[in-house]
Amino acid sequence: MDMMDSDANTVLHSVTKGVHVGPPPVWPGMDNVTNSSMFDESNLPYDMKFNEGHVVAIVTYSILMVVSAIGNITVLTIILKRRRKAGTRIHAMLMHLAIADLLVTFLMMPLEITWAWTVQWILGDPLCRIMSFFRIFGLYLSSFILICISVDRYLAVLQPMRLYQMDRRGKLMIAVAWIASVICSLPQSYIFHVERHPNATWYEQCVTYNAFSSKLHELAYLYFGMFMMYWLPLIVILFCYASIIIEIYRRSRESICGQGTDNVRRLGFLGRAKSRTLKMTIIIVIVFVVCWTPYYIMAIW
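Rules and cut-offs
- Residues numbered from 1 in each chain as written.
- Predicted model: local features only at pLDDT ≥ 70, side-chain atom pairs only at ≥ 80, totals over all residues.
- Heavy atoms only, no water.
- Helix = DSSP H or I, 4+ residues; strand = E, 2+ residues; numbered from the N terminus.
- Buried < 20%, exposed > 50% of the residue type's maximum accessible area, 1.4 Å probe, protein only.
- Contact = heavy atoms within 4.5 Å.
- UniProt positions renumbered as here; feature names shortened; annotations may be inferred.
- Phe/Tyr/Trp six-rings, centres within 6.5 Å; stacked < 30°, edge-to-face > 60°.
- Lys NZ or Arg CZ within 6 Å of the ring centre and 35° of its normal.
- Core = buried A, V, L, I, M, F, W, Y, C linked by side-chain atoms within 4.5 Å.
- Axes fitted to C-alpha atoms, helices over the stretch in contact; angles between N-to-C directions.
- Parallel < 35°, antiparallel > 145°, perpendicular 65-115°, else oblique.
- Left-handed = near helix turned anticlockwise from the far one by under 90°.
- Nonpolar A, V, L, I, M, F, W, Y, C, P; charged D, E, K, R; others polar.

Looking only at helices and strands, one finds seven helices and two strands in the protein. In the protein, the succession of helices and strands from N to C terminus is α-α-α-α-α-β-β-α-α. With 301 residues in all, the protein has 45% of them scored as buried. Contacts in the protein between residues at least 24 apart in sequence constitute 78% of all its contacts with a sequence separation of at least 6.

Below, the structure is given as structure tokens:
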């Protein structure tokens, strides 16, 4: 839950921060100003100076970073210890999920904290593009690894006779998740760039102004990110775990029709498996929806 929550808290800024279409924007409080020498840091508009909102952002991200770091490092340590004894596909996938969330924790969150502190962008255009890539890379990777875990569980239950292929297939799914995350994140490096304020020319910001040729293109990019990071994982999770529950139910019905001690034991095992799977599915879906939905509602709004 820590891993999902840390991802969700950064997605809105990663996809939509600074989005603007059309001519250079009119910056707040500076509509009629043409002389940049009239403005220094002391008389900038409120939104362009360090204010209470930045304090809230710094405190919030700092708390999230500490919680996420502790949670994910703990998970990663436990997984690595278990893998030394008897590593499984699910251990490998959980390890990559923890790594994805640690990328968000140690790349995304410090950037947001520093950016909130400085307000303007002070690291230049190359780092603006590089960091914009990494701001969203971990989020994509986390979502895609969740898909891998769901598909792996689905195949393990519905195609148990092909277990000998699962290790190779698991490695392939993880590789595809990393490659797909890189591909989906690359547009960030093109869209985000440094712009100077049209009047206070010493003031620079890492933004998406003029990156989209039309409002339609902007919305297409926004909804693409929303689909890949929210709807696609949610659909796959629901489909895979619903299919698992249905399959367990079908097998339990077959056991009821059978006779003998073995069938009774099998029925008890399937009943417990169905109960655990149902609980796990409900928890995964609720956590995923609760953590991600508010931010996408804000993004659409």
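Moving on: the UniProt feature "transmembrane region" (unreviewed entry) in the protein. What UniProt calls "transmembrane region" (unreviewed entry) maps, in this numbering, to residues 55–80, 92–118, 130–151, 172–192, 220–246 and 280–298. Structurally, residues 92–118 comprises 100% helix and 0% strand, and the distance from its first C-alpha atom to its last is 39 Å. Spanning residues 172–192, this segment combines 95% helix with 0% strand, and its end C-alpha atoms are found 31 Å apart.

With that settled, consider the packing of aromatic side chains. Scanning the entire structure with this criterion turns up 11 aromatic pairs. Their ring planes at 70° and their centres at 5.0 Å tell us that Trp115 and Trp121 sit as a pair that is edge-to-face. Of the two residues, Trp115 and Trp121, neither departs from the other in class, the shared state being buried. Among the aromatic residues, ring-to-ring pairing joins Phe133, Phe134, Phe137 and Trp178 into one connected group. Positioned above the aromatic ring of Phe192, the side-chain terminus of Arg135 is 5.7 Å from the ring centre.

Let's shift gears to the side chain of Ser143. With respect to the element layout, Ser143 can be found in helix α4 (residues 124–158). Look at Ser143 and you get buried, because its relative accessible area is 0%. Look past the residues within four positions of Ser143 in its chain and what remains in contact with it is Met228, Met229, Pro233 and Trp292.

Turning to unusual backbone geometry, a few remarks are in order. In this model, Val119 sits at a positive phi of 70°, which is unusual for a non-glycine residue. Of the residues examined, Val119 reaches a relative accessible area of 9% and is grouped as buried. A positive phi is found at Asn210, a non-glycine position, where the angle reads about 65°. Inspection of the secondary structure puts Asn210 in the loop between β2 (204–207) and α6 (215–257).

This part covers the environment of Phe212. Note that Phe212 resides in the loop between β2 and α6. For the pair Phe212 and Ile191, spaced 21 residues apart in the sequence, the C-alpha separation amounts to 7.8 Å.

Another point: the nonpolar core. Grouped together as the largest cluster of nonpolar side chains are 47 residues, with contacts concentrated most on Tyr140 and Phe144. Listing elements by their share of this core, those giving two or more residues are α2 (52–86), α3 (89–118), α4, α5 (166–191), α6 and α7 (261–300). When residues in this core are grouped by element, the largest group, 14 residues, is from α4. Grouped together as the second largest cluster of nonpolar side chains are 12 residues, Trp115, Cys128, Ile191 and Val194 included.

Before going further, it helps to spend a moment on the packing of α3 against α4. At a minimum axis distance of 9 Å, the contact between α3 and α4 shows a crossing angle of 160°. The angle between α3 and α4 places the two elements in the roughly antiparallel class. α3 and α4 meet at a crossing whose hand is left-handed. Of the residues that constitute the contact of α3 with α4, the class distribution is 21 nonpolar, three polar and six charged.

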